Amino acid sequence: MILTEAPVVTAALEAAVRAPSPHNTQPWLFELGPDVIGVVLDEDRGLEVCDPDRREARLSCGAALLNLELAIAVAGRSCDVEFLPEKDRPELLAKVGIGLRHRPTAAEQRLAASIRVRYSNRRPFASTPVPAWARHAVRRAAREEGAKLILLDEVGLLETVAGLIRRADHIQLLDERFQAELREWTREAGSHDGVPAYAGGPRPSGGLLPVRHHGESDRVREFERDPVVAVLTTPTDGPLAQIRAGRAMQRALLTATSLGLSVSFYSQPMEIPSARAALRSLLGENEHPQVGFRLGYGFPGTTTPRRPVEEVTRSRPDSEGLRRR
Ligand SMILES: Cc1cc2nc3c(=O)[nH]c(=O)nc-3n(C[C@H](O)[C@H](O)[C@H](O)COP(=O)(O)O)c2cc1C
């Protein structure tokens, strides 16, 4: 066993925390053992109303896991991942063993370079169409991780799904508990978590899709007429499928970023069981919807803050569970 030098671990953790998470809750902890990093779902940061079964928290941790692996790869080390390694600790979602020397591929370098510049862009996008090759690349990225990115490029399908998003958004707008939780996680600048008010988008004037209300001003703007909307689905559901879905989500997001595309999320129908079921019957019984995206060429925005790595790391050098087998 070789013990990994601290800079590799630090780079990996700094990349991991750049993952997206609902309301920027950052529901993760990292347990450090000798040459191994455990990715743990932090129950204390779960959203009781928006994400009662922690599906979105597992997606977020899956995204953090992919960032971790990419950062280890570009630091010149191999790694292997064990999912849900301990039956009696379901919150330990994965163990990443850091291995020997590795020559990073061009794809790993490109995706890793996108980790720091990716952010959710809730503003209107330019009307420039997203070319077929770029759509194809983002779809392929999701497929590489065992998920499917269904692009709603038939007008009828897009309108039906947009209707579901609007209805789910309306239900959440009228839900006092949902709104209280959203307010609790909407922050003024200066906080290390939560969504800063500056990251919220303007209200769309009419249009197909709503924007989640993150304490934005009352600005009203026209959004692109023909939005490119996609739903990421997995063939099964449950903890493992959701962790894998998070990796697929992140690979798709980083691929889009590397191609100069902006992305924003539309999870409203996935957060309301009846709407999620309706979406599934629309897309197919084997398509469990996990997250929705809007893709396009956005005007430059800013990244959002994260908690420092020291706050999300604990050392477990003596833990048998975290030793490499
Ligand atoms: C599973 C998941 C669901 C999300 N759903 C929404 C959503 O419905 N609306 C939205 O505006 N942002 C959504 N987000 C984006 C988060 O708010 C965002 O990732 C977080 O605030 C961090 O900001 P960043 O993506 O700019 O780094 C979602 C993120 C994740 C991981």
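To keep things clear, this report deals only with the structure shown in the data block.

Parameters at a glance
Residues numbered from 1 in each chain as written. Predicted model: local features only at pLDDT ≥ 70, side-chain atom pairs only at ≥ 80, totals over all residues. Heavy atoms only, no water. Helix = DSSP H or I, 4+ residues; strand = E, 2+ residues; numbered from the N terminus. Rg over C-alpha atoms; globule rule 2.2 N^0.38 Å. Buried < 20%, exposed > 50% of the residue type's maximum accessible area, 1.4 Å probe, protein only. Contact = heavy atoms within 4.5 Å. Areas by Shrake-Rupley, 256 points an atom, 1.4 Å probe, with all protein chains shown as cover. Lys, Arg positive; Asp, Glu negative; His and termini not counted. Charge placed at Lys NZ, Arg CZ, Asp CG, Glu CD. Salt bridge = Lys/Arg side-chain N within 4 Å of Asp/Glu carboxyl O. Core = buried A, V, L, I, M, F, W, Y, C linked by side-chain atoms within 4.5 Å. Domains from an automatic or database assignment. Near = heavy atom within 4 Å. Polar contact = N/O pair within 3.5 Å; in protein donor to acceptor, adjacent residues only side chain to side chain.

### Some points on the overall build of the protein
Across its full length, the protein holds eight helices and 13 strands. Since a compact globule built from 325 residues should have a radius of gyration of about 20 Å, the 19 Å found for the protein is in line with a globular shape. Relative to its 325 residues, the protein shows a buried fraction of 57%. A fraction of 75% describes how many contacts in the protein between residues 6 or more apart in sequence connect residues 24 or more apart. Of the roughly 14400 Å² of accessible surface on the protein, a fraction of 53% belongs to carbon and sulfur atoms. The distance from the centre of the 44 positive side-chain charges to the centre of the 43 negative ones in the protein is 4 Å.

### Quick look at the pattern of salt bridges
A complete count under the given rule lists 19 salt bridges for this structure. The closest approach of N and O atoms between Glu91 and Arg89, which form a salt bridge, is 3.2 Å. When its relative accessible area of 30% is taken as the criterion, Glu91 is described as partly exposed. On the basis of relative accessible area, Arg89 is assigned to the buried category, the value being 13%. Among the charged side chains, a salt-bridge network with shared partners connects Glu69, Glu144, Glu145, Arg247 and Arg251.

### Concerning the nonpolar core
Counting residues in hydrophobic clusters, the biggest one holds 55 residues, and the most contacted among them are Trp28, Phe30, Ile37, Leu68, Leu232 and Phe293. Each of domain 1 (6-117 + 305-322) and domain 2 (132-296) accounts for three or more of the residues forming this core. Aside from chain neighbours lying at most four places away, what touches Leu68 is Ala12, Leu13, Ala16, Ile37, Val39 and Val96. In this structure, Val231, Met270, Leu279 and Leu283 belong to the second largest nonpolar core, which totals 17 residues.

### Quick notes on the site of the ligand
Surveying the vicinity of the ligand reveals 22 residues, the closest of which are Arg118, Ser120, Arg122, Ser267 and Arg306. At 3.4 Å from a nitrogen atom of the ligand is found a main-chain nitrogen or oxygen belonging to Phe265. Residue Ser267 places a side-chain N or O atom 2.5 Å away from a nitrogen atom belonging to the ligand. Considered on its own, the ligand offers 620 Å² of accessible surface; in the complex 99% of this is hidden by protein. Taken together, domain 1 (6-117 + 305-322) and domain 2 (132-296) each give at least three residues to the shell around the ligand, which thus spans both.

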